[in-house]
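Read off the chains here:
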Amino acid sequence: MTSEQLEQLLERKRQQEQAAANEKREAYEGIKSDILSKIETEARAAVAFVRNFHKLIVGETSAFYGIMKDYGALKKDGQRGYSIANDKFKVEVKSNKIKKFDERADIAAERLIEFLTAWIKSSDKGSDDPMYQLAMTLLERNKHGDLDYKSVSKLYDLEAQFNDPEYSDIMRLFKESNVVEGSVVNFYFFEKTDLGVWRKLEPSFNKQ
């Protein structure tokens, strides 16, 4: 076999391998496209169903709330949390206040960062000091750029440890900036088992 024939043979082999690779990639992309299409269709249908389901729940429970109020089924005036149940199924409606901060919290956060920056200069461990790291972590904001109410509340517990008038004044400003913005209503569903125990029905298959 001449060198030219050998080169032609190798080139033919490379073309065959490339064709096989292209065929394999096309098959992979085709399968992926089919799977994504099926999941997307079902996911969008599920989202639409849940939105309509939520709309139905809000409408029905809101209407029944008025009936409960007129009937005297509420324990106290202004009661927002309640449950509706029969022998097999129960719906719990829970209303929780949303706590956030006003613009004074931004000033408090800036002052706290300045305080912590100055404080670590006198610490033997510097920025590795656990107190500094904890305080800075609690100041982290969520994806919306807001301070987390529970995290900031934990900063109050560090007041005695820092034992500094500036830190105490910053915590006072945080507390003053705390405002109740509104409330969020959540719905929970339960079924009664054969043993007579209420078991929560979870619409989501994702475990938190």
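All of the points below concern the structure found in this document. Everything numeric here is computed off the predicted structure, so don't read it as measured data. (Residues numbered from 1 in each chain as written. Predicted model: local features only at pLDDT ≥ 70, side-chain atom pairs only at ≥ 80, totals over all residues. Heavy atoms only, no water.)

1. A closer look at helix α1 (residues 3–71)
With 69 residues, α1 should cover 102 Å at 1.5 Å per step; its first-to-last C-alpha distance of 99 Å lies within 8% of that length. All of the buried residues along α1 are Ile57, Thr61, Tyr65 and Met68. Structurally, α1 contributes buried residues whose contacts are with β1 (82–85), β2 (89–101) and β3 (178–192). Immediately beyond the C-terminal end of α1, within one or two residues, lies glycine 72, with a positive phi of roughly 85 degrees. (Helix = DSSP H or I, 4+ residues; strand = E, 2+ residues; numbered from the N terminus. Expected span 1.5 Å × (residues − 1). Buried < 20%, exposed > 50% of the residue type's maximum accessible area, 1.4 Å probe, protein only. Contact = heavy atoms within 4.5 Å.)

2. Details of helix α2 (residues 104–120)
Taking 1.5 Å per residue as the helical rise, α2 with its 17 residues ought to reach 24 Å, and the 24 Å between its terminal C-alpha atoms agrees with that figure. Within α2 the residues assigned to the buried category are Ala105, Ala108, Ala109, Leu112, Phe115, Leu116 and Ile120. In an axial view of α2, the angular spread of the buried residues amounts to 125 degrees, which keeps them on one side of the axis. Residues of α2 that are exposed and point over 90 degrees away from its buried face: Glu110 and Glu114. (Arc of directions from axis to C-beta.)

3. What about a nonpolar patch on the surface?
Residues Met1, Leu6, Leu9 and Leu10 make up a contiguous nonpolar surface patch of about 410 Å² in total accessible area. Tracing the backbone through its elements, the reader meets leucine 10 in helix α1. Residue class for leucine 10 comes out partly exposed when judged on its relative accessible area of 37%. (Patch = residues over 30% accessible without salt bridge, like charges linked within 9 Å, V, L, I, M, F, W, Y side chains within 5 Å. Areas by Shrake-Rupley, 256 points an atom, 1.4 Å probe, with all protein chains shown as cover. Salt bridge = Lys/Arg side-chain N within 4 Å of Asp/Glu carboxyl O.)

4. Describing unusual backbone geometry
The phi torsion at asparagine 163 lies on the positive side, around 50 degrees, for a residue other than glycine. Relative to the helices and strands, asparagine 163 is located in the loop between α5 (159–162) and α6 (165–177).

5. A closer look at the side chain of serine 177
With respect to the secondary-structure elements, serine 177 resides in helix α6. Sequence-distant contacts of serine 177, that is, excluding residues within four places in its chain, are made with Lys100, Phe101, Asp102, Arg104 and Ala105.

6. What to know about the packing of aromatic side chains
Counted by the stated rule, this structure contains 10 aromatic pairs. Seen from their ring centres, phenylalanine 115 and phenylalanine 162 are 5.6 Å apart, and the 75 degrees between their planes marks the pair as edge-to-face. Of the two residues, phenylalanine 115 sits in helix α2 while phenylalanine 162 sits in helix α5, which places them 47 residues apart along the sequence. Overall, phenylalanine 115 belongs to the buried group, its relative accessible area being 10%. Overall, phenylalanine 162 belongs to the buried group, its relative accessible area being 7%. (Phe/Tyr/Trp six-rings, centres within 6.5 Å; stacked < 30°, edge-to-face > 60°.)

7. Here's the deal with the nonpolar core
Ranked by size, the top nonpolar core spans 24 residues in total, and within it Leu112, Leu155 and Phe174 carry the most contacts. Elements with a minimum of two residues in this core: α2, α3 (130–138), α4 (149–156) and α6. It is α2 that contributes the most residues to this core, seven residues altogether. Those residues in contact with phenylalanine 174 that sit more than four places away from it in its chain are Phe101, Ala105, Ala108, Ala109, Leu112, Leu139, Leu147, Val152, Leu155 and Tyr156. In this structure, Met68, Leu74, Phe187 and Phe189 belong to the second largest nonpolar core, which totals nine residues. (Core = buried A, V, L, I, M, F, W, Y, C linked by side-chain atoms within 4.5 Å.)

8. Topic: the environment of arginine 104
Note that arginine 104 resides in helix α2. Here arginine 104 is in contact with Leu173, Glu176 and Ser177, once residues within four sequence places are set aside. Separated by 2.7 Å, the side chain of arginine 104 and the backbone oxygen of glutamate 176 make a polar contact. (Polar contact = N/O pair within 3.5 Å; in protein donor to acceptor, adjacent residues only side chain to side chain.)

9. Description of the environment of glycine 66
Residue placement: glycine 66 occurs in helix α1. Considered as a pair, glycine 66 and aspartate 129 are 63 residues apart in the sequence and their alpha carbons are 56 Å apart.

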